[in-house]
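This is what each chain is made of:
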Amino acid sequence: MYLRAKDGRVYQPALHSGKRSIESRNLNHAGLTKTRYVIGEKGVFKQGGTLKSELAGKISDRIQAGIRRDYHKGMDRVRRDVAKSGGRAGVGAQLRAIGHGFQRALRSDLVRSAFRKHENWRKAGVIESAAVRATAWVQQTRERADLVKELKDQAGSLNKANGERKVLHIHDEASQSGLKEFTDVMSKTEREGARTVFLGDRLQHQSVEAGKAFEQAQKHLPMNELTDIRRQKTEEAKGIVKDVLEGRHGEAMARPAIEVRVEQDKVRGKWEGRGELSEKDRQTMRAEMRGAARADNQHVVERIAKDYAALPQGERGKTAILTSTNADRRAVNDAVREQLKAKGELGRGKEFAVLEKKDMSEAERRAAAYDRGDVVKFTSAHRALNVEKGAEGRVVGKDDRTNRVSVELDGGRVVQMRGDLKGVEASREFKREFAEGDKIAFGKNDRESGFKNGDQGKVLEIRDKSLVVEMNGERRTVDLEKYRNIDHGYAMTSVKAQGQTVDRVMIHHNTESGRHGDRETYVNVTRARMGVKVYTQDVEKAKRQAGVKMDKETARPEREESRQERKGERRSAEREAPERKQAGKESTGSGKSKAGKEKEDELEFGAGR
């Protein structure tokens, strides 16, 4: 029997109920009689031990069982009568129900009064009670183990049809799966005779690994698509998402934008009104504008931090700050902490050495990707290196030419490993101050500690080598000698935010940093239920960057005919190039090409595109 709670969880009562009674044979009667023990709130009581008392108990139990059986039969007849009468109980049915209830109570009282004095119930002694409780616990443990095994066997048999198991895999965030990962899932599905449901959004960020398998699979697999806007609850938020879906990324970014361009306006004022500029002046101006844009980005970060800190504490937990790069994420985190310190919301702090995982694709996994001081953890054993699984070390040198990395293990031994060696995890080590009241984010899945990549918490207490953190209303301890992949959690990158939902989003769009494009814009604005704000140092440039197509190219074998066609096109273009160049000079009336003439005429007051 199973019970389903209101929250949807299913329970098997026998697994959660304690054993309340046991029986013990009496050796003084050659084992023919039994003593029954009942564990109650007021102690352990026993009954039996003599032929008279046991006979009275058995008769009482049988009569009680008969009373219950008769009662259930009578109530079944009442229910049938009620059903026949259209849901209303007639007078006869009501009288029968009352009669059954009265009969049950009367017979029960008669049984109790007739047999109670012969059943011989009495309270067990202290030592006997302890022995009974211990025996009950052992029996209960065995019965639960047998029940769990039975339930597992039952679940296995329910999953079988025609001798095969029915298995369903659900692959979430499938758009971020590389071709190899996607193929592995498909192969496992085929081997098990299972089915796999791929969940994802083809407009969101694509995989770091090679290939765009999720988008290609949609051309060949049955697909269901959600077209309605469900997450957004306000007209403002829905309008921004609609703009993005219809290709108006610039409008979606500009509508909620807050622009901060103090330093750029100073440079613009310096160069305006100077008339025609020489090429050297234009280069100087562009360099100054780029420097001013970087300086303005710091003002943007400070504005975000000020607005975030001004929110009530309850609203901060429902607000996400999104940015493009880890450098900007750290800058925003530091600025927010300064604001919270000024408000007195952060307590005493302490500096710890923490890790940030270096995400390297298969193509990037070379010696050049490692840096001196990186912390290396071997997630697999490597017999050739005599390294066990779980061993840690630090990069002390590398040779990009031979693709070799020198790693000094904890014991002082140095091993030479290949830069593309699998089963190796590399992380950067850096110092971070954490204070009581800080919001932190976890950056790595770890089965031993139970922390997952993307988890967040609030620091409650700073200890010597650990943090006490509140996570979902629960106090948990982070041992920083075993788990060091944490950082401040006020801001996150767009890629990290994919799959999350909050009430409000504050988007930091630094026009001078990051690979901005349509996918980042889509992910950022669709995280919010209620509202979106965009903070940038250049709205016009942000509008242009917001809609840049960021689709990955797919690698496939090229037909020989295609290669020959393109080779012929290149040769033809090379032959025509001198003629086109001369024609361009003649059309401008100067010794310069048309493109060179346009570049000379252009006077751009924005940062380089």
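Below is a short write-up of the structure. (Residues numbered from 1 in each chain as written. Predicted model: local features only at pLDDT ≥ 70, side-chain atom pairs only at ≥ 80, totals over all residues. Heavy atoms only, no water.)

### Thoughts on the nonpolar core
Then, number 1: Residues Ile-304, Ile-321, Val-332 and Val-336 are the most contacted members of the largest nonpolar core, which totals 19 residues.
Then, number 2: Listing elements by their share of this core, those giving two or more residues are helix H10 (279-310) and helix H12 (326-342).
Then, number 3: Of all the elements, H10 adds the most residues to this core, at 6 residues.
Then, number 4: Within the second largest apolar cluster, 17 residues are counted, among which are Val-244, Ala-497, Tyr-522 and Ala-528. (Core = buried A, V, L, I, M, F, W, Y, C linked by side-chain atoms within 4.5 Å. Buried < 20%, exposed > 50% of the residue type's maximum accessible area, 1.4 Å probe, protein only. Helix = DSSP H or I, 4+ residues; strand = E, 2+ residues; numbered from the N terminus.)

### Section: the environment of Lys-458
Then, number 1: With respect to the helices and strands, Lys-458 occurs in strand S20 (residues 456-462).
Then, number 2: Residue Lys-458 is classed as partly exposed on the basis of its relative accessible area, which comes to 38%.
Then, number 3: It is 6.9 Å that separates the C-alpha atoms of Lys-458 and Met-471, two residues lying 13 residues apart in sequence.
Then, number 4: Sequence-distant contacts of Lys-458, that is, excluding residues within four places in its chain, are made with Gly-437, Asp-438, Val-468, Val-469 and Glu-470. (Contact = heavy atoms within 4.5 Å.)

### What about the sheet that holds strand S17 (residues 414-418)?
Then, number 1: Spatially, 6 strands are ordered S13-S18-S14-S15-S16-S17 in an open sheet, and the strand pairing comes out antiparallel. A strand with exactly one partner marks an edge of an open sheet, and here the two such strands are strand S13 (349-357) and S17. Across the sheet, the axes of successive neighbouring strands diverge by a mean angle of 40 degrees, strand direction being ignored.
Then, number 2: Both strand S15 (residues 392-399) and strand S16 (residues 404-409) contribute to a ladder of 6 bridges, which runs antiparallel. (Pairing = 2+ DSSP bridges. Axes fitted to C-alpha atoms, helices over the stretch in contact; angles between N-to-C directions.)

### Details of the side chain of Gln-537
Then, number 1: Along the polypeptide, Gln-537 turns up in the loop between strand S26 (528-536) and helix H15 (539-546).
Then, number 2: At 3.1 Å, the side chain of Gln-537 forms a polar contact with the backbone oxygen of Ala-293.
Then, number 3: Among the polar contacts listed, one links the side chain of Gln-537 to the backbone nitrogen of Thr-511, at a separation of 3.3 Å.
Then, number 4: If we ignore the near neighbours within four places in the chain, the residues touching Gln-537 are Glu-259, Val-260, Arg-261, Gln-264, Ala-293, Asp-296, Asn-297, Val-300, His-509, Asn-510, Thr-511 and Glu-512. (Polar contact = N/O pair within 3.5 Å; in protein donor to acceptor, adjacent residues only side chain to side chain.)

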